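# Observations on the model geometry
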Amino acid sequence: MKAMMLYRYGERLALDEVPVPSPHPGELLVQVKATGLCGTDLKIIQGKLSIGPPPHVLGHEIAGVVAGRGEGVDAGWLGKRVALHLYCACGKCRACRRGEYNMCDDLPGRLGFELPGGLAEYVTSPSRCAVELPPGMSFEEACVAPCAMLTIHHAIRRARVEPGDMVALIGVGGLGIHGVQLLAGMGNEVTAVDVVDAKLEFARKMGASQALTFDAFQRGGERYDVLIDMIGKADAAKESFDRKLARGGKYVLISFLPGAEMSFDVQRMAMDECQIIGIRNGSIQELRDTLAAQAEGRMKPVIDSALPLAEANAALDLIRAGKLMGRVVVSHES
Ligand SMILES: [Zn+2]
Ligand SMILES: [Zn+2]
């Protein structure tokens, strides 16, 4: 099969011919139809994440059709259109028993990280990590679910955002823009914060009641019940926590720089009962819920461009340029 291979950190991906993987017991063989790419892929290419030596097949945002099965997998899976949870969880630990594959204590690996991902014609995945697509959903729309949309959905749930809460989304790229939609649909006042004017304008169009540059956000007198940080810069985070979070507020941290440390005023945290909430992807049930939210139109995937597999490097260049309005996907059918 064809695959885009990362042979050395820092290099461009190379189109190559590699064997089709065979599914182990409990696994599905999935013919990949669409693969979303995101900033995490750039971090992997740069060697910034510790996922072992290359070669790697990137692509952790995958939708496709079940084309084969390993021992013990129900034949009913064959031909099903699926999206894959990227955490190939053990299925046995405490977290897995609750369906929290994102928190697996004994994680064998993640698709497109430690394990081969979707920049190939086929991929294998434990059947427990596959979710059938709602009827009529395209693979391009579906592949966005397991990363950006699942993560922001999980963040909004984990922060227990209530109707009427004032919420600010700091950074309205691939995750933020979907958060704007979901929150606006829940009836919340959403403030979008970014440094790119075009992204702010787009956020307004998608339902943000306010769209502010980071400076204007910091200067303003408003405080927010929930701040969702998708930038993860330490000094800016401290400023936002100290000056922009309401009493009893929640600071939700999604993005981070590996190894970075943040400091917060502990007196303020205790006296004002503020919380800091970390976010990592989401559970398998939340992936089902995310796809349902998409099918019901509560969160519409924003796809900027779709390119064929052989042009995955060009797709990554679009992310590098930082000007995408939404996601870029590799469509294996184009
Ligand atoms: Zn991603
Ligand atoms: Zn587990």
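Just above sits the structure.
Predicted model, so just to flag it, every value in this text is computed and none were measured.

Here we take up the sheet that holds strand β10 (residues 210-213). To summarise the sheet geometry, strands pair through backbone hydrogen bonds and adopt either a parallel or an antiparallel arrangement. Strand order across the open sheet formed by six strands is β10-β9-β8-β11-β12-β13, with parallel pairing between neighbours. In this open sheet, the two edge strands, each paired with only one partner strand, are β10 and β13 (275-278). Here the strands of the sheet are splayed against their neighbours by 20 degrees on average, with no regard to which way each runs. The strands that helix α8 (residues 234-244) touches are β8 (166-170), β11 (224-229) and β12 (245-253); relative to β11, the one it contacts most, it runs at about 170 degrees.

For helix α11 (residues 312-321), the set of buried residues is A312, A315, L316 and I319. Along the axis of α11, the buried positions cluster into a sector of 100 degrees, meaning they face one direction only. When the buried face of α11 is taken as reference, the exposed residues oriented beyond 90 degrees from it are R320 and A321. Following α11 by one or two positions, G322 has its phi on the positive side, about 70 degrees.

Formed by 106 residues in total, the largest nonpolar core has its most connected members in A83, L119, L169, V180, A192, A203 and I228. When residues of this core are assigned to their parent elements, the largest contribution, eight residues, is made by helix α4 (residues 145-158). For this core, the domains that each give at least three residues are domain 1 (2-144 + 301-331) and domain 2 (149-278). What L169 contacts, discounting residues up to four positions off in sequence, is G176, G179, V180, V190, A192, V193, I228 and M230.

This part takes up helix α10 (residues 284-295). Between the first and last C-alpha of α10 there are 17 Å, a value that for 12 residues agrees with the 16 Å anticipated at 1.5 Å per step. Taken together, the buried positions of α10 are I284, E286, L287, T290, L291, A293 and Q294. Buried-residue contacts for α10 involve β5 (81-84), β7 (130-132), α3 (139-143), α4 and α5 (174-185). Just past α10, the residue G297 takes up positive phi, approximately 80 degrees.

In terms of burial, strand β15 (residues 327-331) is a largely internal element, five of the five residues being buried. Of the strand pairs in this sheet, strand β3 (residues 27-37) and β15 are connected by four bridges, and their pairing is antiparallel. Counterpart to L37 in the pairing with β15 is V328. In this sheet, β15 lies alongside strand β14 (residues 303-307) in parallel orientation, the contact comprising four bridges.

At a closest axis distance of 9 Å, the pairing of α4 and α5 adopts a crossing angle of 50 degrees. In terms of orientation, α4 lies oblique with respect to α5. Two packed elements cross with a definite hand, and for α4 against α5 that hand is right-handed. Taken together, the residues of α5 that come into contact with α4 (itself represented by A148, M149, T151, I152, H153 and I156) are G174, L175, H178, G179, L182 and L183. Class assignment for the residues of the contact of α4 with α5 results in seven nonpolar, five polar and no charged.

About the cut-offs
- Residues numbered from 1 in each chain as written.
- Chains lettered and ligands numbered in written order.
- Predicted model: local features only at pLDDT ≥ 70, side-chain atom pairs only at ≥ 80, totals over all residues.
- Pairing = 2+ DSSP bridges.
- Helix = DSSP H or I, 4+ residues; strand = E, 2+ residues; numbered from the N terminus.
- Axes fitted to C-alpha atoms, helices over the stretch in contact; angles between N-to-C directions.
- Contact = placed C-beta atoms within 7 Å.
- Buried ≥ 20, exposed ≤ 12 C-beta atoms within 10 Å, placed from the backbone.
- Arc of directions from axis to C-beta.
- Core = buried A, V, L, I, M, F, W, Y, C linked by C-beta atoms within 7 Å.
- Domains from an automatic or database assignment.
- Expected span 1.5 Å × (residues − 1).
- Parallel < 35°, antiparallel > 145°, perpendicular 65-115°, else oblique.
- Left-handed = near helix turned anticlockwise from the far one by under 90°.
- Nonpolar A, V, L, I, M, F, W, Y, C, P; charged D, E, K, R; others polar.

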